[in-house]
Amino acid sequence: MKVCGFTFVRNGVRFDYPVVESILSILPICDSFVVAVGNSDDDTLQLIKNIKSPKIRIIETVWDDSLREGGRVLAVETDKAFHAISEEYDWAFYLQADEVVHENALPAIKQAMADHLDNEKVEGLLFNYFHFYGSYSYIGQAYSWCRREVRVIRNRKNIFSYRDAQGFRKRPNQKLKVKLIDAAIYHYSWVREPKALQAKLETFHRFWHDDHWIEKTMIKAEEFDYGDTEELALFKGTHPAVMKDRIARQNWEYTHDLTKEPSSVKYKFKKWVEDLTGWRIGEYRNYRLV
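The rules behind each value
- Residues numbered from 1 in each chain as written.
- Predicted model: local features only at pLDDT ≥ 70, side-chain atom pairs only at ≥ 80, totals over all residues.
- Heavy atoms only, no water.
- Helix = DSSP H or I, 4+ residues; strand = E, 2+ residues; numbered from the N terminus.
- Buried < 20%, exposed > 50% of the residue type's maximum accessible area, 1.4 Å probe, protein only.
- Polar contact = N/O pair within 3.5 Å; in protein donor to acceptor, adjacent residues only side chain to side chain.
- Contact = heavy atoms within 4.5 Å.
- Salt bridge = Lys/Arg side-chain N within 4 Å of Asp/Glu carboxyl O.
- Pairing = 2+ DSSP bridges.
- Phe/Tyr/Trp six-rings, centres within 6.5 Å; stacked < 30°, edge-to-face > 60°.
- Lys NZ or Arg CZ within 6 Å of the ring centre and 35° of its normal.

Some remarks on the side chain of Thr44
So, point 1. When you line up the elements, Thr44 lands in helix 2 (residues 44-49).
So, point 2. By relative accessible area, which is 0% here, Thr44 ends up buried.
So, point 3. Reaching out from Thr44, the side chain makes a polar contact with the backbone nitrogen of Gly12 at a distance of 2.7 Å.
So, point 4. In terms of polar contacts, Thr44 uses its side chain to reach the backbone amide nitrogen of Val13, at 3.5 Å.
So, point 5. Those residues within four positions of Thr44 in sequence are excluded, and the remaining contacts are Val9, Arg10, Asn11, Gly12, Val13 and Val37.

As structure tokens, then:
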């Protein structure tokens, strides 16, 4: 069994992505790793080159900045990295540049790939998610956060990145058949230096919206205001070891009043049903469980 990791990144230094930590977190169970480095305004290319591993293969790409609908450019860049994986590999392990895997989960992930290697009905592996917000101490609980997503897929080129690269489908437009495994993705998109986060949001909104929308809607600021938000919980676990230095470098403060309870009756009812049955009402599933 051979496994190739893949990801894409652009302006990873400027926008303070934990992309090095992301790559290193799954590198031990990958035989190779493709990194699509987009045309950047910073030292992202050198940052990736500084990962001293013979497993790393860099492809340099140019983003189509005219793609400004639905985050489509992110899927295009994902596909560039995926299609650079040669046919000798059985599984492709995808992480976005702000996603990290805990080292404790690596044996279970590798075992799941081995267990389902010869089961052609399984086209991918489904992961749970921790979405961190504001600091490394809080995780999002709102139903707007995706609970699960596919991150390991068969190395079949009829599979493609779907919409804004959140998940995958296969041609012509079918959901993948996947197995849920006991492993989680640690998503750190909303935990980064506030100036870098504000710059990232101002740039990335251009991949979803036109100039008129941005001028009318986007709040212009020096740094992102985390403010206050409902439906957070205290994170009680441990972070991946590769995140230790980054967490120690946190230079901003964020606290949340956990005594605040969501007032929505709808939210409380959905939470009650999920706690009782495990079923999340209205959950978007871009996959088919097998």
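Here the narrative resumes, following the displayed structure.
Quick word on the pattern of salt bridges
So, point 1. Throughout the structure, instances matching the rule amount to 17 salt bridges.
So, point 2. For Arg246, the salt bridge identified is with Glu21, shortest N-O distance 3.0 Å. Of the two residues, Arg246 is situated in helix 7 (residues 244-248) and Glu21 in helix 1 (residues 19-26); the sequence distance between them amounts to 225 residues.
So, point 3. By relative accessible area, Arg246 is classed as buried at 11%.
So, point 4. A salt bridge links Lys80 to Glu77; the nearest nitrogen and oxygen atoms lie 2.8 Å apart. With Lys80 and Glu77 both in helix 3 (residues 72-83) and 3 residues apart, this pair spans about one turn of that helix.
So, point 5. Residue classification places Lys80 among the partly exposed residues on the basis of a relative accessible area of 30%.
So, point 6. When its relative accessible area of 1% is taken as the criterion, Glu77 is described as buried.
So, point 7. Taken together, the shared-partner salt bridges connect Arg147, Glu274, Arg280, Glu283 and Arg285 into one network.

Comments concerning unusual backbone geometry
So, point 1. Look at the link from Arg171 to Pro172: it is a cis peptide, with omega at 10 degrees.
So, point 2. Residue Asn11 is not a glycine yet carries a positive backbone phi of 55 degrees.
So, point 3. On the accessibility criterion, Asn11 (4% relative accessible area) is buried.
So, point 4. You will see that Asp16, though not glycine, has its phi angle at about 60 degrees, which is positive.
So, point 5. Tracing the chain through its elements places Asp16 in the loop between strand 1 (3-9) and helix 1.

Overview of the pairing of strand 10 (residues 167-170)
So, point 1. Side chains Gly167 and Arg169 of strand 10 all project onto a buried face; the interleaved residues Phe168 and Lys170 project onto the opposite face, where all are buried too.
So, point 2. Where strand 9 (residues 159-162) and strand 10 come together, 4 bridges link them in antiparallel fashion. Note on strand 10: the bridge partner recorded for Ser161 is Phe168.
So, point 3. Counted between consecutive antiparallel strands, the loop separating strand 9 from strand 10 contains 4 residues, among which Arg163 sits at a positive phi close to 55 degrees.
So, point 4. Where strand 10 and strand 11 (residues 174-175) come together, 2 bridges link them in antiparallel fashion.

Points about the packing of aromatic side chains
So, point 1. A complete count under the given rule lists 25 aromatic pairs for this structure.
So, point 2. A centroid spacing of 5.4 Å and a plane angle of 70 degrees characterise the contact between Phe130 and Phe235, whose relative ring orientation is edge-to-face. Highlighted residues: Phe130 in strand 6 (residues 124-133) and Phe235 in the loop between strand 13 (232-234) and helix 7, separated in sequence by 105 residues.
So, point 3. Taking the relative accessible area as the measure of exposure, Phe130 reaches 27% and is therefore partly exposed.
So, point 4. Summarising the aromatic geometry, the rings of Phe224 and Tyr226 are spaced 5.1 Å apart at their centres and angled 85 degrees between planes, so their arrangement reads as edge-to-face.
So, point 5. A network of ring pairs unites the aromatic residues Tyr133, Tyr138, Trp190, Phe224, Tyr226, Trp252 and Tyr254 as a single cluster.
So, point 6. Just above the ring of Phe82 sits the side chain of Lys157; from NZ or CZ to the centre is 4.0 Å.

Remarks on the environment of Glu231
So, point 1. Checked against the element boundaries, Glu231 lands in the loop between helix 6 (211-217) and strand 13.
So, point 2. The class of Glu231 is buried, set by a relative accessible area of 18%.
So, point 3. C-alpha of Glu231 to C-alpha of Leu258: the two residues are 27 residues apart in sequence and 8.5 Å apart in space.

From the geometry alone we can't say anything about function, so treat these as descriptive.
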